[in-house]
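Per-entry structural report
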Amino acid sequence: MERSDRLLLRNLTFPDGRSGQDVLVDQGRIQAIAPALPVPDGATLIEGDGQLLSPPFVDTHFHMDATLSYGLPRVNQSGTLLEGIALWGELKPHLTQEALVERALQYCDWAVAKGLLAIRTHVDVCDDRLLAVEALLHVRQRVAPYLDLQLVAFPQDGVLRSATALPNLKRALDMGVDVVGGIPHFERTMSDGAESVRLLCELAAERDLRVDMHCDESDDPLSRHIETLAFHTQRLGLHGRVTGSHLTSMHSMDNYYVSKLLPLIKEAQVHVVANPLINITLQGRHDTYPKRRGMTRVPELMAAGVNVAFGHDCVMDPWYSLGSADMLEVAQMGLHVAQMTSQAQMRACFDAVTVNAARVMGLDDYGLAVGQRADFVLLQARDPVEAIRLRANRLLVVRRGAVIARTPAATATLSLPDRPPTVDWTLRR
Ligand SMILES: [Zn+2]
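In this report, we go over the structure that sits alongside the text. (Residues numbered from 1 in each chain as written. Predicted model: local features only at pLDDT ≥ 70, side-chain atom pairs only at ≥ 80, totals over all residues. Heavy atoms only, no water.)

Remarks on the overall build of the chain
Secondary structure assignment for the chain yields 14 helices and 18 strands. C-alpha atoms of the chain, sized along the principal axes, occupy 65 × 50 × 45 Å. Excluding contacts between residues fewer than 6 apart, the proportion of contacts in the chain whose partners are at least 24 apart in sequence is 74%. (Helix = DSSP H or I, 4+ residues; strand = E, 2+ residues; numbered from the N terminus. Contact = heavy atoms within 4.5 Å.)

The structure is reproduced here in structure tokens:
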């Protein structure tokens, strides 16, 4: 890490549109924000040149135990969720802790380079050895100086459907896993799914933990687990501490039913995480045409006052062969799939991978304000919409006041007939 006690970043634009701002950092915190701040003695001056300074990207839905395993032991031929789960089952017995740690650390390096400094990852607890849990607890500690990692105890094979999943999940929580996970739509019956939501929410309430469930990740218009999740959140007073991930069935639900459901989600303050890259590729696989997109109803949820974030979910694993820890790619896909094309909606998509996501994880001291931690990313863009359009370079990534990653500004040099021999073209206007 490049260490500096004091940093002064000059002439910045913020996601809320404020421009010409300077930011003074000292002791790892933001000490002042104002135009034309004096440069204190010994401070390192960084010229922002009017570029966008954003709080770091946050990914609230990831699978770090599976990442970068693409092709092991084979490639998902059908491209479906269920073949992915089967493939993961084939891979699990061959996992080693060393390989898990190595792949996870490599992914965290990618994340840091992309200004992604907080990740909530699910970790499968259906392997009785809990190898992945041990590996990711180790990784959480290793990366703590530069990345906040939150772990969800995720019973991939179903907490009721798999005989040892519940005791394993409790063991994982005892070992220090942060959040209670679940997968009600993968239980044997709808009623088992509802029962799994009840018992997992009660477990979280007993232990004072947050909940994040894979919920209704199907095209089934009658899947109702989000209703049950909102109900138990309300009943147990877990408001603001529960997340429904995916909710893809909402895409296919009856509109009248959704009009009843949205206020229930809002009332329970259940956060929603859509995973646009994965939802658009995994859902609608049984359709001919018209082919459903499968992502949950993002603009309608936002309009109802629900906090919605976008997650990456997968990078080069049994479910998805692409991805690069770039949350701007995730925001761009979310924008397209949800047809959120107004200026306000595009900005909302930027919020879905920054401030909204930080709220899902309950991150303290996040954001561009005096007194907050000096964690941010300087983007080669003038505003959030341009950042999404260009998937802007991360010129500088700062954590606790230290520069931890730099990427050179993107430029291209053109040599064209009947034009000056060299045109230096940059993405900066
Ligand atoms: Zn997932």
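So, the sheet that holds strand E8 (residues 148-154)
The parallel open sheet is built from 8 strands, whose spatial order is E6-E7-E8-E9-E10-E11-E12-E13. The strands lining the two open edges of the sheet, one partner per strand, are strand E6 (57-62) and strand E13 (308-310). Neighbouring strand axes in the sheet, compared pairwise and without regard to direction, differ in orientation by 25 degrees on average. The pairing of strand E10 (residues 210-215) with strand E11 (residues 242-246) spans 5 bridges and is parallel. Bridged to Val-211 within E11 is Val-242. Across the sheet, helix H3 (residues 131-143) touches strand E7 (116-124) and E8, and the angle it forms with E8 is around 165 degrees. Along the sheet face, helix H5 (residues 190-207) touches strand E9 (179-182) and E10 and points at about 160 degrees away from the line of E10. (Pairing = 2+ DSSP bridges. Axes fitted to C-alpha atoms, helices over the stretch in contact; angles between N-to-C directions.)

Structural notes on the packing of helix H2 (residues 97-113) against H3
H3 packs onto H2 with a crossing angle of 40 degrees between their chain directions and a minimal axis gap of 9 Å. Comparing their axes, H3 and H2 come out oblique. As H2 runs across H3, the sense of the crossing is right-handed. Each of Gln-97, Leu-100, Val-101, Ala-104, Leu-105 and Cys-108 in H2 lies in contact with H3, whose residues at this interface are Leu-131, Ala-132, Glu-134, Ala-135, Leu-136, His-138, Val-139, Arg-142 and Val-143. In terms of residue class, the contact of H2 with H3 is made up of 11 nonpolar, 2 polar and 2 charged. (Parallel < 35°, antiparallel > 145°, perpendicular 65-115°, else oblique. Left-handed = near helix turned anticlockwise from the far one by under 90°. Nonpolar A, V, L, I, M, F, W, Y, C, P; charged D, E, K, R; others polar.)

Examining empty space enclosed by the protein
In the structure shown here, the tally under the stated rule is 3 cavities of 30 Å³ or more. Considered as a void within the structure, the largest cavity measures approximately 100 Å³ in volume. Lining the largest cavity are 15 residues, and of these His-63, Leu-81, His-214, Glu-217 and Trp-319 sit closest to its centre. Of all the secondary structure elements, the ones that give two or more residues to the lining of the largest cavity are helix H1 (81-91) and helix H9 (276-282). Within the lining of the largest cavity, the residues separate by chemical class into 8 nonpolar, 5 polar and 2 charged. Taken as a whole, the second largest cavity holds about 50 Å³ of empty space. If you list the elements that add at least two residues to the lining of the second largest cavity, you get E6 and E7. Class assignment of the residues belonging to the lining of the second largest cavity gives a composition of 7 nonpolar, no polar and 5 charged. (1 Å grid on protein atoms, 1.4 Å probe; cavity = no way out; pocket = protein on both sides within 12 Å on 5 of 7 lines; lining within 4 Å. Points joined across faces, edges and corners; volume = space filled by probe spheres on them.)

Here we look at the coordination of the zinc ion
On the protein side, the zinc ion has His-61 (NE2), His-63 (NE2), His-214 (NE2) and Asp-313 (OD) as donor atoms, found 2.1 to 2.6 Å from it. For the zinc ion, the 4 donor atoms in the first shell make angles of 85 to 178 degrees at the metal, so the coordination geometry reads as irregular. The sequence pattern describing where the donors of the zinc ion fall on their chain is H-x1-H-x150-H-x98-D. Taken as a pair, His-214 in strand E10 and Asp-313 in the loop between E13 and helix H11 (327-337) lie far apart in primary sequence, 99 residues in all. Owing to a relative accessible area of 3%, Asp-313 belongs among the buried residues under this scheme. (Donors = N, O, S within 2.8 Å, 3.2 Å for Na, K, Ca; no water. Tetrahedral: all angles 85-135°; square planar, octahedral: opposite > 155°, others 65-115°. Buried < 20%, exposed > 50% of the residue type's maximum accessible area, 1.4 Å probe, protein only.)

A short note on the layout of surface pockets
Of the voids in this model, the largest pocket is the one considered here, and its volume is about 400 Å³. In terms of lining, the largest pocket is formed by 22 residues, of which the most central are Leu-81, Leu-82, Glu-217, Ser-218 and Asp-219. Considering every element that reaches the lining of the largest pocket, the biggest residue donor is H1, with 3 residues. Residues belonging to the lining of the largest pocket are distributed by class as follows: 8 nonpolar, 9 polar and 5 charged.

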